[in-house]
Amino acid sequence: MSSKRKSKESIIARVNFPLYTLQMLTSRHVIVGGGGGTSKTGVHNGFEIFEIFHDGTRFAAKEVTRHETGGNVVMNCSVYSDRKYSLMVAGQESDCQLYKLNPKLVEEVENIGNNTHLRQRNTKNKEVTDDNKNVTKELYFDVKAIENVQTDFNGSEPLSRVVKINHDGTLLATGGTDGDVRIWKFPSMQPLFILKAHTKEIDDIDFSRYDNYVITIAKDGLAVLWDCMTGKERTKLTWKQPEGSKYLYKRCRFGVIEGLDKKCALYTISNPIGVAKKQKSYLQQWIPEENMLRRCIEFDESLAALAVRDDGRFVAVGTMFSGSVSILVAFNLQKILTIVGAHSMFVTGLEFLPTQNLNHSISSVVEAAVLSISVDNQLCIHTVPYRKTIPLWIAIALLVLTLFLTFSLCSYLGL
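Quick summary incoming for the structure in this document. (Residues numbered from 1 in each chain as written. Predicted model: local features only at pLDDT ≥ 70, side-chain atom pairs only at ≥ 80, totals over all residues. Heavy atoms only, no water.)

**A look at the pattern of salt bridges**
The condition that has to hold: Throughout this description, the term salt bridge denotes a Lys or Arg side-chain nitrogen within 4 Å of a carboxyl oxygen of Asp or Glu. A run of DSSP states H or I qualifies as a helix once it reaches four residues; a run of E qualifies as a strand once it reaches two. Both are numbered from the N-terminal end. Think of it in three bands: with a 1.4 Å probe and only protein chains considered, a residue is buried below 20% of the maximum accessible area for its type, exposed above 50%, and partly exposed in between.
Applying the stated criterion across every chain yields a total of 16 salt bridges. For E201, the salt bridge is made with K219, and the minimal N-O distance between the two is 3.8 Å. Taken together, the residues E201 in the loop between β18 (190–195) and β19 (202–207) and K219 in the loop between β20 (213–218) and β21 (223–227) connect sequence positions 18 residues apart. Taking the relative accessible area as the measure of exposure, E201 reaches 24% and is therefore partly exposed. Bridged by salt links that share partners, the residues R161, E201, D203 and K219 form one connected network.

See the structure below:
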């Protein structure tokens, strides 16, 4: 495992408000959201969309759209995209706001001295220069608020804690401080049913990609697996906790297990509470339908964020106190990179650059790349370069040499 401290090159964007949520919008666009809340501190609330690109040397980010949400801080969000536009749901106070995000090209005129130049982007978003024209075309997203529904009904302090769209964009799950998980038809926002298994506020929700599973975790210490089509409980995750300790699940994400065709894997992070806070925290890998804890790995401090890459090969976690980020191989939970102090405060969100649609992806320049955010207002990227391998001709030469030496030794010994 390699370990390093954050470098200036890892910071690809800064915004003027604390960041709480992070979602990939396309293979090269990311949404970050947050804010200062309803207090009159002068800190804005809203979300920004950045384009991530690689300039041949390093990754960088360019702001393409900014949308402010008035007095409502964006604490969480989820995105579903098709070829024409994207839909985003954002948890704002007790409500869930649905947005439509339309990609558009805008034309800008650039004057350089007495000459005008055209810099327009082709369909692959690469820049082309034409000295005979004077228009620049830039991509941005037109943001339109469509519908707002209340999703949490805690009488004293209602708050939408988590929103999640399933992978085919047909269902939405929401959870808040009232302890109920509500399943909605998406994008019509029609209520379908309520999952009642938790007595305290919901901390996280995730849908599986290949099965009709939804996992919910809450501050009551439960992690419950459901059939999201019927609303029936499948199982509760259980594990033998260290004696004299108490742990709470903090985050949950589905993935797949390599070598097992479309075998569903589930990852959770668990932190000690109360007098046991000095004990280890855990990243856990489950086979959920069998309620089997397959692997787990210890961390010396509490964990705050979790992400799984879309192909299931890598997992990332972010810590609570040191603001560090670790990237692990999903199959055996082996750490391959730790960035100590990636942020000056606790990590609030992680997202891998996707590997699907590689024709339009920028992640292929490295083996893995994960984005991270924090309330320190920074968007960072952390990368795992391709691990070096021996060239084929050297491997063949070593094999021939080994065979020759073995034959020579056998001849010398008269064997």
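Past the structure itself, the notes keep going.
**Thoughts on the sheet that holds strand β25 (residues 281–287)**
Going by this rule: Two strands form a pair only when DSSP identifies at least two bridges running between them. Lines fitted to C-alpha atoms define the axes here, with helix axes fitted over just the stretch in contact, and angles between the N-to-C directions of these axes take values from 0 to 180 degrees.
Strand order in the open sheet formed by four strands is β23-β24-β25-β26, and the pairing between neighbours is antiparallel. Two strands bound the open sheet, and with one partner strand each, they are β23 (247–256) and β26 (292–299). Between one strand and the next, the sheet's axes are offset by a mean angle of 20°, whatever the strand orientation.

**Regarding the environment of Q97**
Test applied: Pairing of N or O atoms within 3.5 Å defines a polar contact, subject to two protein rules: one partner must be a possible hydrogen donor and the other a possible acceptor, and residues neighboring in sequence count only if both atoms are side-chain atoms.
The residue Q97 is located in strand β9 (residues 95–109) in this model. For Q97, a relative accessible area of 11% corresponds to the buried category. Distance in space between the C-alpha atoms of Q97 and Q150 is 8.8 Å, their sequence separation being 53 residues. Among the polar contacts listed, one links the side chain of Q97 to the backbone oxygen of E147, at a separation of 3.0 Å.

**Focus on the packing of aromatic side chains**
Rule in force here: Paired rings are identified among Phe, Tyr and Trp, the last through its six-membered ring, by centres lying within 6.5 Å, and are further divided according to the angle between planes into stacked (under 30 degrees), edge-to-face (over 60) and tilted (the rest). Only when the NZ atom of a Lys or the CZ atom of an Arg is both within 6 Å of the ring centre and within 35 degrees of the ring normal do we say a charge sits over the ring.
Counted under the stated rule, the structure contains four aromatic pairs. Seen in terms of ring centroids, W239 and Y247 are 5.4 Å apart; in terms of plane orientation they differ by 70°. Their pairing is edge-to-face. No difference in accessibility class separates W239 from Y247, as the two residues are buried. Between the aromatic rings of Y247 and Y282, the centroid separation amounts to 5.5 Å while the plane-to-plane angle is 50°, which identifies the pairing as tilted. In this pair, Y247 is assigned in strand β23 and Y282 in strand β25, connecting sequence segments 35 residues apart. This pair shows no difference in class: Y247 is buried, exactly as Y282 is. Here the basic side chain of K100 rests over the ring of Y85, its NZ or CZ set 4.4 Å away from the ring centre. Its end group placed over the ring of F331, R294 keeps NZ or CZ at 5.1 Å from the ring centre.

**So, the sheet that holds strand β3 (residues 19–24)**
Taken together, the four strands give an open sheet; going across it, the order is β3-β4-β5-β6, and neighbouring strands pair in antiparallel fashion. Taken across any chain shown, the strands that pair with only one partner, and hence form the sheet edges, are β3 and β6 (59–68). Strand-to-strand twist of the sheet, defined as the mean angle between neighbouring strand axes without regard to direction, takes the value 25°. Bridge analysis of strand β5 (residues 45–54) against β6 gives nine bridges, and the strand direction is antiparallel. Note on β6: the bridge partner recorded for F50 is E63.

**What about a nonpolar patch on the surface?**
Cut-off, in case you're wondering: Only residues whose relative accessible area exceeds 30% and that take part in no salt bridge are eligible for patches, with like-charged residues grouped when within 9 Å of each other and nonpolar side chains (Val, Leu, Ile, Met, Phe, Trp, Tyr) grouped when within 5 Å. Per-residue and other accessible areas were derived by the Shrake-Rupley procedure at a 1.4 Å probe size, with only the shown protein chains allowed to occlude residues.
Taken together, the side chains of L398, L401, F404 and L405 make up a nonpolar region of the molecular surface, amounting to roughly 400 Å² of accessible area. On the basis of relative accessible area, L401 is assigned to the partly exposed category, the value being 45%.

**As for the environment of L293**
Rules: Here, two residues are considered to be in contact whenever any of their heavy atoms come within 4.5 Å of each other.
Structurally, the position occupied by L293 is in strand β26. With 55 residues separating them in the primary sequence, L293 and T238 have C-alpha atoms 8.3 Å apart. Beyond its immediate stretch of four places on either side in the chain, L293 contacts W239, Q284, Q285 and W286.

**Some words on the nonpolar core**
Defined as follows: The criterion is simple. A nonpolar core is a set of buried Ala, Val, Leu, Ile, Met, Phe, Trp, Tyr and Cys residues joined through side-chain atoms within 4.5 Å.
Counting residues in each nonpolar core, the largest one holds 20 residues, and the members touching the most others are V30, L353, L371 and L379. In this structure L371 touches I12, L22, M24, V30, G349, L350, E351, L353, L379, C380 and I381, once residues within four positions along its chain are discounted. Judged by nonpolar contacts, the second largest core, of 17 residues, contains F314, A316, A368 and V384.

**Side note on the environment of P354**
Tracing the backbone through its elements, the reader meets P354 in the loop between β31 (347–352) and β32 (368–374). A relative accessible area of 15% means that P354 is categorised as buried. Spatially, the C-alpha atom of P354 lies 9.2 Å from that of V370, the residues being 16 residues apart in sequence.

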